[in-house]
Amino acid sequence: HNDMPSDAGMLAQLGRQFALHASGYDVIYRLKTWASDSAYHYVHTIGQWLRHEDGSEAAILVYSNMNETVTANQDIMKRYQSWQRDYFYTDILTGLPNANFMRAFGDEKLAQYFLETGGAAGWYFDVNGMHAYNSRYGLQCGDKLLMAVGSALSHAFPDGLVCRSTDDHFVVIAPFHKDKIDALMQQINAQVQNDVDGVSLGVRTGVCLAKPHMPVMELLDDAHTGLKEIGTNLNVTWHLYSPDVDQKMMLAHYLVTHFNQALQEHWVQPYYQPIIDVQTGKIAEAEALARWIDPVQGPLKPVQFIPALRSFHLLYRLDLYILQEVCRHLQEQIQKGEPAVPVSVNFSRQDFDNEDLVQQMHKIIAACGIDASLIRIEITEQDVSEAPDCMKKQIETIHRRGYALWMDDFGSGYSSLNVMSEFPFDLIKFDQKMLMNLDAGHGANRYI
């Protein structure tokens, strides 16, 4: 035989050690037989010494041709690598391309649309109530729902790139026609409902119009932002992304990251709205309203910063800060001998999630030496109507400590007279809409 040159030295050394009983012999190497062609064979040889009764020894070596095994292993590896490549780009459940495929080839598809039609859009789909559907009908039916959605989207976008992204999310690159989207969404949801067991809430989508040379993942991220703008409104099935959303998100990020500085440097201040006694024409009360005068963003209205602070559960700190500023101003007035009128301070439903709210309020007011009669605690009717038992107990404690309770915005939405009997409110502010429609509904508002 003719050993592979790189293996020959190893075989000679192992052979000598085996002959001297210095080591065992279990080796795989390559060789050519006298009758073989130019290809090398893989050979596995195991050697063992056998001792006879007369003391003589014989070396037994067993040779195995491994070519068939190696070839089989190579075939298996090739098939596995081919399968791995396929499933790296394919969603196993739906058979659609997956997120890896979108990342790899989405930009090409987008460029193709711009070349052929002058534009396209990114679509980000979400299955409504997927968790509830799985809980009610089982995971097997949930998988069937996902397959139905994939099929419906493939049918709705025959020339588009339809991919399953993650979980119950699907992404699509396809043209956008605003006048056709309502009918398109109805078609998709009707097909989904027809193909599944039980009741499905269907799908909804965020859409973003692509710009030339826009990366596909950036496009789909903006489409996802458009989807999130729908919120929990089940009557809306699609939303077109607007750059204004980015500006709002950037402002929210700025406000949250600069919130501590805003309080420390008093960018946030209470502005006082007077409450006039119409009989005397004098200021009888005042309401403290938070205003944020930012050195970079300029004057900000509550509608601009309250939602951002609420999202990050920072209203608790804001409202206590406004209370502290109000008490400080009242303290200065009293010390100067100026007349001081009672001031109402707004507290949100979120504030009452903190068990120490009442203690913190009382601590701030007491530290400034302010009498309880000068502070009103104001809560909206909507917040009160959603109050859990722990919040009700906190409100009762506030009232027992001598602070007047005011209800704001009664009649702005769905109102219930029950809140008047459940809570010890001292004053109720009626929403302007009720006063403008006193005679609507046979004068119901007038009776209230």
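In short, a report on the structure.

So, how was this worked out
- Residues numbered from 1 in each chain as written.
- Predicted model: local features only at pLDDT ≥ 70, side-chain atom pairs only at ≥ 80, totals over all residues.
- Heavy atoms only, no water.
- Helix = DSSP H or I, 4+ residues; strand = E, 2+ residues; numbered from the N terminus.
- Rg over C-alpha atoms; globule rule 2.2 N^0.38 Å.
- Buried < 20%, exposed > 50% of the residue type's maximum accessible area, 1.4 Å probe, protein only.
- Expected span 1.5 Å × (residues − 1).
- Arc of directions from axis to C-beta.
- Contact = heavy atoms within 4.5 Å.
- Phe/Tyr/Trp six-rings, centres within 6.5 Å; stacked < 30°, edge-to-face > 60°.
- Pairing = 2+ DSSP bridges.
- Axes fitted to C-alpha atoms, helices over the stretch in contact; angles between N-to-C directions.
- Polar contact = N/O pair within 3.5 Å; in protein donor to acceptor, adjacent residues only side chain to side chain.
- Salt bridge = Lys/Arg side-chain N within 4 Å of Asp/Glu carboxyl O.
- Parallel < 35°, antiparallel > 145°, perpendicular 65-115°, else oblique.

**Structural notes on the overall build of the protein**
Looking only at helices and strands, one finds 17 helices and 16 strands in the protein. For a compact globule of 448 residues, the expected C-alpha radius of gyration is about 22 Å, and the protein comes in at 38 Å, more than 25% above that figure. C-alpha atoms of the protein, sized along the principal axes, occupy 130 × 60 × 45 Å. Within the protein, buried positions represent 38% of all 448 residues.

**What about helix H6 (residues 181–195)?**
Taking 1.5 Å per residue, 15 residues should reach 21 Å; H6 reaches 21 Å between its end C-alpha atoms and fits that length. By the burial criterion, the buried members of H6 are Ile181, Leu184, Met185, Ile188, Asn189, Gln191 and Val192. Buried residues along H6 cover an arc of 160° about the axis, so they all sit on one side. Counted as exposed and oriented over 90 degrees from the buried face of H6: Gln186 and Asn194. Those residues of H6 that are buried lie in contact with strand E5 (121–127), helix H5 (139–156), strand E8 (203–209) and strand E9 (238–240).

**Considering the packing of aromatic side chains**
One pass over the structure, following the stated rule, counts 14 aromatic pairs. Centre to centre, the rings of Trp123 and Phe125 are 6.1 Å apart; their planes meet at 5°, and the pair counts as stacked. Neither residue differs from the other here; Trp123 and Phe125 are each classed as buried. Judged by centre distance (5.7 Å) and plane angle (55°), the rings of Trp292 and Phe305 are tilted. One end of the pair, Trp292, is in strand E11 (residues 282–294); the other, Phe305, is in helix H10 (residues 302–311), with 13 residues separating them in the sequence. Of the residues examined, Phe305 reaches a relative accessible area of 0% and is grouped as buried.

**Thoughts on the sheet that holds strand E7 (residues 169–174)**
In space, the 5 strands of this open sheet follow the order E6-E7-E5-E8-E9, with mixed pairing throughout. Either end of the sheet is taken by a strand with one partner, and the two such strands are strand E6 (161–164) and E9. Pairwise comparison of adjacent strand axes, ignoring direction, gives a mean angle of 15° for this sheet. Of the strand pairs in this sheet, E5 and E7 are connected by 6 bridges, and their pairing is antiparallel. From the neighbouring strand, Trp123 faces E7, where its bridge partner is Val172.

**Here we look at the environment of Lys178**
Tracing the sequence through the fold places Lys178 in the loop between E7 and H6. Its relative accessible area of 56% is what places Lys178 among the exposed residues. Expressed as a C-alpha distance, the spacing of Lys178 and Tyr29, which sit 149 residues apart in the sequence, is 69 Å.

**Observations concerning the pairing of E11**
The sheet contact formed by strand E10 (residues 268–277) and E11 spans 10 bridges and is antiparallel. By the bridge assignment, Gln269 is partnered in E11 with Arg291. Taken together, E10 and the strand that follows it, E11, pair antiparallel across an intervening segment of 4 residues, in which Gly281 is found at a positive phi of about 75°. In this sheet, strand E13 (residues 343–346) lies alongside E11 in parallel orientation, the contact comprising 3 bridges. Directly across from Ala286, in E13, lies its bridge partner Val343. Two strands pair when backbone bridges link them, and E11 and strand E12 (residues 298–300) are joined in this way by 3 bridges, in the antiparallel orientation.

**Section: the side chain of Glu285**
Residue position: Glu285 is located in strand E11. Overall, Glu285 belongs to the buried group, its relative accessible area being 16%. Here Arg376 takes part through its side chain, which lies 2.8 Å from a polar atom of the side chain of Glu285.

**Section: the pattern of salt bridges**
Applying the stated rule across the entire model yields 12 salt bridges. The residue Lys248 makes a salt bridge to Glu229 at a minimum N-O spacing of 3.7 Å. Within this pair, whereas Lys248 is found in helix H8 (residues 243–257), its partner Glu229 is found in the loop between helix H7 (216–228) and E9, the two being separated by 19 residues in sequence. Glu229 sits in the partly exposed class, given a relative accessible area of 34%. The closest approach of N and O atoms between Arg349 and Asp353, which form a salt bridge, is 2.7 Å. In this structure, a network of salt bridges that share partners links the residues Glu287, Glu378 and Lys429.

**Thoughts on the packing of H8 against H10**
Between H8 and H10, the shortest axis-to-axis distance is 9 Å and the interhelical angle comes to 70°. Relative to H10, the element H8 is oriented roughly perpendicular. Facing Leu251, Ala252, Leu255 and Val256 of H8, the residues of H10 in contact are Gln304, Phe305 and Ala308.

**Observations regarding unusual backbone geometry**
Of note in this structure, His266 is not a glycine but carries a positive phi near 60°. Given a relative accessible area of 37%, His266 falls into the partly exposed group. The backbone of His313 sits at a positive phi, close to 55°, despite the residue not being glycine. Tracing the backbone shows His313 in the loop between H10 and helix H11 (315–335). A relative accessible area of 56% means that His313 is categorised as exposed.

Purely geometric numbers; function is a separate question.
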